[in-house]
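Listed below, chain by chain, are the residues.
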Amino acid sequence: MKSAKGTRDLLADECRQFQQVESWALQHFSRYGFQEIRTPIFEETALFVRGIGDETDIVSKEMYQLTTKGGDELTLRPEMTASVCRAVIQHNLLANDDLLRFIYMGPMFRYERPQAGRYRQFHQLGAEVFGSDDPLVEVETIEAVLSFLSPFQLPNLTLRLNSVGDSSDRPAYLAYLRQELDTHSGQLCQDCTRRKETNVLRVLDCKNEACRAVLDRLHPISTFWSTTTRDHFEAVCRGLDRLSISYVLDPMLVRGLDYYTRTAFELQSGELGAQSAVLGGGRYDNLVATLGGPDTPAFGWALGLDRLVGLLAARKALPEQRPHLFFIFSQREQLEEFLPLLARLRAGGHSVQFDLRLGSFKSQMKRANRLQARYCAIVGERECQGGTVTLKDMDQSSQREVPQDHLPAVMKEVCPC
Ligand code: ATP
Ligand code: MG
């Protein structure tokens, strides 16, 4: 038996990398006032259809939809923004605090063609801010995610930025697009011929060469921007400039979900090949109201954790977790006698291991080396009689005898945690 297509097991190394990224995320984003939110893995299908838009790829092709025995229409969440909005509305959270900041992490599900960096169950880390349409929300939240990423030192990251306008200017642009594309309909790929009717903005990110040739001759959306859209976008850019954050203006950037208004952005890595997007997001000022809540401007992004961890693993950017101390025993009775000391060391924060099978000294030492233990505590006949252990520094190849009772204090000194 194998795991289902497009899903995978995260084994020890990868789990550790996920844990490190996730705990850093909680720590980092709390500095900005983001609080964690966890919503159910599945929701009523209508939430995603209304929220994401039924002509989007996600809703029309990628959703894991099911009808329960009781007749409920449910869907495994393909993203979490709609769920977070639903939770905000359901619990009336804006009544207590009209500026809310959330982060979330967890698995999402999309029925896609699996390939490197693209899975059917994948993980996102995301942030959402509700309650302000100030361009500084974009500036602060983009800065927050870039400084979250900065310790990982990912090279070749490009921030791409655009504004997709809002109800004051987008309809005119869509009409223009449709009209232009109608006159070139013979040159468009099948997908674009359909999108032209159903979700014309999506034509802009078609990769097909013939479509690109048509698109490159069209006016960008910026020529249709209203003064409000333009002012907002320029304020976002000014804020990023002030923080010395570099970005590329990408007039063709649109996002795969219908709910975006005004600012849209993506972060791409030159090291990810075809699946180059590390994260994407934007402003969605109408979504809360669309889902039945109060009129609430909002902004957010979602980052692909599998792609981020993949980049880190490829560059070995995360340190290996080494056991602090590996015990080597010559007798089973010693092991039993030492259990309370092992518990004390672990309670003091140390990672402590030993080989339960107690093979030869050599085989135990081999395991200590394989795990890259920082120190070894050797407990032989002599040490037992003297109430000591021999503490071996595996990096320096030096050793000394330490009274058993002193071991927690010595470890605290040589291996602070
Ligand atoms: P893509 O263009 O790669 O399909 P998207 O626009 O569908 O991305 P979003 O919905 O914006 O992606 O999700 C945000 C991030 O989640 C992406 O930038 C990517 O890193 C990650 N992501 C999206 N779909 C998948 C997937 N099937 N497998 C792994 N990661 C994914
Ligand atoms: Mg996609």
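Along every chain, residues carry numbers that run from 1 in the direction the sequence is written. The naming scheme follows written order: chains are lettered A onward, ligands numbered 1 onward. In keeping with the predicted nature of the model, local features appear solely for residues at pLDDT of at least 70, side-chain atom pairs appear and are counted solely at 80 or more, and the whole-chain, interface and lining totals rest on all residues. Just so you know, side-chain values use all the structure's heavy atoms and leave hydrogens and water out.

A. Quick peek at the overall build of the chain. Scanning the chain for helices and strands turns up 16 helices and 16 strands. Here the chain has a C-alpha radius of gyration of 27 Å; the compact-globule value for 417 residues is 22 Å, and the former is much larger. Counting only C-alpha atoms, the chain reaches 90 × 50 × 45 Å along its principal axes. Think of it in three bands: residues with accessible area under 20% of the maximum for their type are buried, residues over 50% are exposed, and the middle band is partly exposed, with areas taken using a 1.4 Å probe on protein chains only. Within the chain, buried positions represent 50% of all 417 residues. When checking whether two residues touch, look at their non-hydrogen atoms; a contact exists if any pair is within 4.5 Å. The long-range fraction of contacts in the chain, counting pairs at least 24 apart against all pairs at least 6 apart in sequence, stands at 69%. With an accessible surface of roughly 20,700 Å², the chain has 49% of that area assigned to carbon and sulfur atoms. In summary, the charge assignment counts Lys and Arg as positive and Asp and Glu as negative, without counting His or the chain termini. Charge coordinates come from a single atom per side chain, which is NZ of Lys, CZ of Arg, CG of Asp or CD of Glu. Side-chain charges of the chain comprise 49 positive and 54 negative groups, with the mean position of each set lying 6 Å from the other. Helix and strand assignments come from DSSP, with helices taken as H or I runs of at least 4 residues and strands as E runs of at least 2, each series counted from the N terminus. Two things to know: the radius of gyration comes from C-alpha atoms, and the globule rule equals 2.2 Å times the number of residues to the power 0.38. Surface accessibility in these figures is a Shrake-Rupley result with a 1.4 Å probe; residues are shielded only by whichever protein chains are displayed.

B. Region of interest: the sheet that holds strand 16 (residues 398–403). Within the open sheet, the five strands sit side by side as 13-12-14-15-16. Their pairing is mixed. With partners counted over all chains shown, the strands left at the sheet margins are strand 13 (352–354) and strand 16, one partner each. Averaged over all pairs of adjacent strands, the angle between their axes in this sheet comes to 25°, without regard to strand direction. Bridge count between strand 12 (residues 325–329) and strand 13: three bridges; the pairing is parallel. In the sheet register, phenylalanine 326 faces strand 13, and the bridge partner there is glutamine 353. Along the sheet, helix 13 (residues 332–347) makes contact with strand 12, strand 13, strand 14 (375–379) and strand 15 (388–393), crossing strand 12 at roughly 170°. The strands that helix 14 (residues 361–370) touches are strand 12, strand 14 and strand 15; relative to strand 12, the one it contacts most, it runs at about 170°. Any two strands between which DSSP finds at least two bridges are classified as paired. In this description, a line fitted to the C-alpha atoms serves as the axis of each element, helices being fitted only across the stretch in contact, and the angle between N-to-C directions of two axes falls anywhere from 0 to 180 degrees.

C. Structural context of the environment of leucine 358. Tracing the backbone shows leucine 358 in the loop between strand 13 and helix 14. On the accessibility criterion, leucine 358 (18% relative accessible area) is buried. C-alpha separation for the pair leucine 358 and leucine 76, spaced 282 residues apart in sequence, amounts to 47 Å. Residues within four places of leucine 358 in sequence aside, it is in contact with Phe329, Gln331, Arg332, Leu335 and Gln364.

D. Expanded view of the sheet that holds strand 1 (residues 35–36). Read from one edge to the other, the open sheet built from eight strands follows the order 1-5-6-11-10-9-7-8, with strand pairing classed as mixed. The open sheet has two free edges, formed respectively by strand 1 and strand 8 (248–249), since each of these has just one partner strand. As paired elements, strand 7 (residues 157–163) and strand 9 (residues 261–269) share seven bridges and run antiparallel to each other. Residue pairing in the sheet places leucine 157 in a bridge with serine 269 of strand 9. Most of the contacts of helix 1 (residues 12–30) go to strand 5 (residues 100–109), to which it runs at about 165°, and overall it touches strand 1, strand 5, strand 6 (121–130) and strand 11 (298–304). Lying on the sheet, helix 12 (residues 305–314) is in contact with strand 6, strand 9, strand 10 (277–283) and strand 11; it crosses strand 11 at an angle near 45°.

E. How the structure looks around the nonpolar core. By size, the foremost hydrophobic cluster in this structure holds 92 residues, and its most contacted members are Phe29, Leu125, Phe130, Phe148, Leu303 and Leu308. For this core, the element with the most residues is helix 6 (residues 135–149), which contributes seven residues. Setting aside residues up to four positions removed in sequence, leucine 308 forms contacts with Val21, Phe148, Leu149, Phe152, Leu154 and Leu303. Residues enter a nonpolar core if they are buried and are Ala, Val, Leu, Ile, Met, Phe, Trp, Tyr or Cys, with the set joined through side-chain atoms within 4.5 Å. Of all hydrophobic cores here, the second largest spans 21 residues; its members include Phe329, Ala377, Val379 and Val402.

F. Broad picture of the packing of helix 13 against helix 16 (residues 407–414). Axis separation between helix 13 and helix 16 bottoms out at 10 Å; the angle between their running directions is 30°. The orientation of helix 13 relative to helix 16 falls into the category roughly parallel. Helix-helix and strand crossings are classified by hand; for helix 13 and helix 16 the assignment is right-handed. Note on element contacts: helix 16 touches helix 13 through Leu407, Pro408 and Met411, opposite Leu341, Arg344 and Leu345. Across the contact of helix 13 with helix 16, the residue classes tally to five nonpolar, no polar and one charged. Throughout, the term roughly parallel applies to angles under 35 degrees, roughly antiparallel to angles over 145, roughly perpendicular to angles from 65 to 115, and oblique to all others. Two helices crossing with the near one rotated counterclockwise from the far one by less than a right angle form a left-handed crossing, whereas a clockwise rotation gives a right-handed crossing. Classification used: nonpolar for Ala, Val, Leu, Ile, Met, Phe, Trp, Tyr, Cys and Pro, charged for Asp, Glu, Lys and Arg, polar for all others including Gly.

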